[in-house]
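Topology and contacts: notes
Listed below, chain by chain, are the residues.
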Amino acid sequence: MILTLEGTPAAVGRAVEAVRRFALGNGLGEAKAAALGVAVDEAVTNVVRHAYDGDPARSLTLSLSAGRDAVQVDILDNGHPFDPLAGEAALPEGGAEERDVGGLGLLLMRELVDEARYIRDGDRNKLMLRAFVGHSPDRREPGLA
Amino acid sequence: MGGMVATSEKKVGNASVLSPTGRVDVETTPPLQERLLPLLGQAGAVVVIDFSGVSYISSSGLRALMLGAKEAKAKGGKLAVCALNETVSEIFRISRFNQVVPVYADLNGALSALTPT
């Protein structure tokens, strides 16, 4: 299933709902489907805000696929090269006084899926997010479908 | 739009209870934040956000909560959340947001902790 979305905040919710329904229909439980949806929320928000600099005329593509063991969402955009998985995600610590505002999106995106990969594919960013059916992160397949 | 936040607000004693519904994401957070921050801008305000109708919160929503928590600290107020579903609880765990705002199982628990009689 392919979804084309405009680069606007309103598109984020539509993407999340489509991903959640697709995941539920392909073997993920409610909690894992919701977690994958939130990871997609963060990934799409990141593209809208940063890769596209908030330009609503730009569009991005979500490709949803499912196998026996996993549901996969590929997010493609033609914005600036940006690897959201580069570097260590800093673990947040402390109360409101000690912390900065923001900076949690990419951490959530990474932590809410079982597997995340990024490649620069020609002039496009391609981010692949996977959630395993049956919640068994050890059942990793050798490579993405 | 099923996912939109429609936030209701009520007063319980001296506490304000905000009850958003649906997603708290990049699209729906701004109106929630516009209600939350003015409440916490009053000295000594007590605000509970009841998450029982919220399907999920994204980092945009967490940012608004962080701004609210900082405002509460600055003005001597209190901000707490309650009734998180499994997804929201997981997001709080990952982001360690229980260090930012107190989390209660339900609204009664939050109100009795924050507004002792």
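Residues numbered from 1 in each chain as written. Chains lettered and ligands numbered in written order. Predicted model: local features only at pLDDT ≥ 70, side-chain atom pairs only at ≥ 80, totals over all residues.

**Observations regarding the overall build of chain B**
For clarity, the threshold we go by: Going along the chain from the N terminus, every DSSP run of H or I of four or more residues is numbered as a helix, and every run of E of two or more is numbered as a strand. In this scheme every C-beta is placed from the backbone, and a residue whose C-beta has 20 or more other C-beta atoms within 10 Å is buried, one with 12 or fewer is exposed, and one in between is partly exposed. C-beta atoms are first placed from the backbone for all residues, and any pair lying within 7 Å is then listed as a contact.
Helix and strand counts for chain B stand at four helices and seven strands. For chain B, the α and β elements follow one another from N to C terminus as β-β-β-α-β-β-α-β-α-β-α. Projected onto its principal axes, the C-alpha coordinates of chain B cover approximately 35 × 25 × 25 Å. In chain B, which comprises 117 residues, the proportion classed as buried is 50%. Within chain B, counting contacts between residues at least 6 apart in sequence, those at least 24 apart form 71% of the total.

**Quick word on the packing of helix H1 (residues 29-40) of chain B against helix H2 (residues 59-75) of chain B**
All names here are of chain B. What counts is decided by this rule: Only the contacting stretch of a helix is used when fitting its axis, a line to C-alpha atoms as for every element, and angles between N-to-C directions run 0 to 180 degrees. Note on terminology: angles under 35 degrees are roughly parallel, angles over 145 are roughly antiparallel, angles of 65 to 115 are roughly perpendicular, and the others are oblique.
Where H1 meets H2, the axes come as close as 9 Å, and the angle between the chain directions of the two elements is 5°. Here H2 runs roughly parallel to H1, going by the angle between their axes. Across from Thr29, Leu32, Gln33, Leu36, Leu37 and Leu40 in H1, the residues of H2 making contact are Ser60, Gly61, Ala64, Leu67, Gly68, Glu71, Ala72 and Lys75.

**Describing the sheet that holds strand S1 (residues 8-12) of chain B**
All names here are of chain B. Put simply, the rule reads: DSSP-based pairing: two strands are paired if at least 2 bridges between them are found.
Pairing is mixed across the open sheet formed by five strands, whose spatial order is S1-S2-S4-S6-S7. If you trace the sheet from one side to the other, it starts and ends with S1 and strand S7 (103-104), each paired once. Two elements, S1 and strand S2 (residues 15-19), share five bridges in a ladder whose sense is antiparallel. Bridge pairing in S2 places serine 8 opposite serine 19.

**Quick word on the pairing of S2(B)**
Residue and element names in this part refer to chain B. Taking every second residue as pointing to the same face, the buried face of S2 carries Ser16 and Leu18, while none of Ala15, Val17 and Ser19 on the other face is buried. Taken together, the four bridges between S2 and strand S4 (residues 46-50) define a ladder with parallel strand orientation. Along S4, the bridge assignment pairs serine 16 with valine 47.

**A short note on the interface of chain A and chain B**
Threshold: Only Asp, Glu, Lys and Arg are considered charged in this grouping, and only Ala, Val, Leu, Ile, Met, Phe, Trp, Tyr, Cys and Pro are considered nonpolar; every other residue, Gly among them, is considered polar.
Listed by partner, the interface residues are 28 residues for chain A and 26 residues for chain B. The set of elements that each furnish at least two residues to the side of chain A that touches chain B consists of helix H1 (9-24), helix H2 (30-51) and helix H3 (105-111) of chain A. Element by element, the count of residues in the side of chain A that touches chain B is highest for H2(A), at eight residues. In terms of residue class, the side of chain A that touches chain B is made up of 14 nonpolar, seven polar and seven charged.

**Some remarks on the nonpolar core**
All names here are of chain A. Put simply, the test is: Think of a nonpolar core as buried Ala, Val, Leu, Ile, Met, Phe, Trp, Tyr and Cys residues chained together by C-beta atoms that fall within 7 Å.
Counting residues in each nonpolar core, the largest one holds 76 residues, and the members touching the most others are Leu36, Ala39, Val40 and Val44. A per-element tally of this core places H2 first, with twelve residues. Setting aside anything within four residues of it in sequence, one finds valine 44 in contact with Ala11, Val12, Ala15, Leu60 and Ile75.

**Considerations on helix H3 (residues 86-95) of chain B**
The condition is simple: Think of it as the arc spanned by the lines of direction from the helix axis to the C-beta atoms.
Considered for burial, the residues of H3(B) that qualify are B:Thr87, B:Val88, B:Ile91, B:Phe92 and B:Ser95. On an axial view of H3(B), the arc spanned by its buried residues comes to 140°, and they lie on one face. Among the structural elements, H2 and H3 of chain A together with strand S5 (54-57), H2 and S7 of chain B are those in contact with the buried residues of H3(B). Directly beyond the C-terminal end of H3(B), a positive phi value near 55° is found at B:Arg96.

**Observations concerning the confidence of the model for chain B**
Basically, it comes down to this: Per residue, pLDDT measures the predictor's confidence, with a range of 0 to 100.
Averaged over all residues, the pLDDT of chain B is 92; the fraction at 70 or higher stands at 95%. Two numbers describe this predicted complex: its pTM, 0.88, and its ipTM, 0.86.

**Looking at unusual backbone geometry**
Residues and elements named next belong to chain B. Even without a glycine there, the phi angle at alanine 83 is positive, about 60°. By the secondary structure assignment, alanine 83 is in the loop between strand S6 (78-82) and H3. On the neighbour-count criterion, alanine 83 (20 C-beta atoms within 10 Å) is buried. Phi at arginine 96 is positive, roughly 55°, even though this residue is not glycine. As for its placement among the helices and strands, arginine 96 is situated in the loop between H3 and S7.

**With respect to the environment of A:Gly54**
Residues and elements named next belong to chain A. If you trace the backbone, glycine 54 turns up in the loop between H2 and strand S2 (59-66). Residue classification places glycine 54 among the exposed residues on the basis of 11 C-beta atoms within 10 Å. When neighbours within four sequence positions are excluded, glycine 54 is seen to be in contact with Val48 and Arg49.

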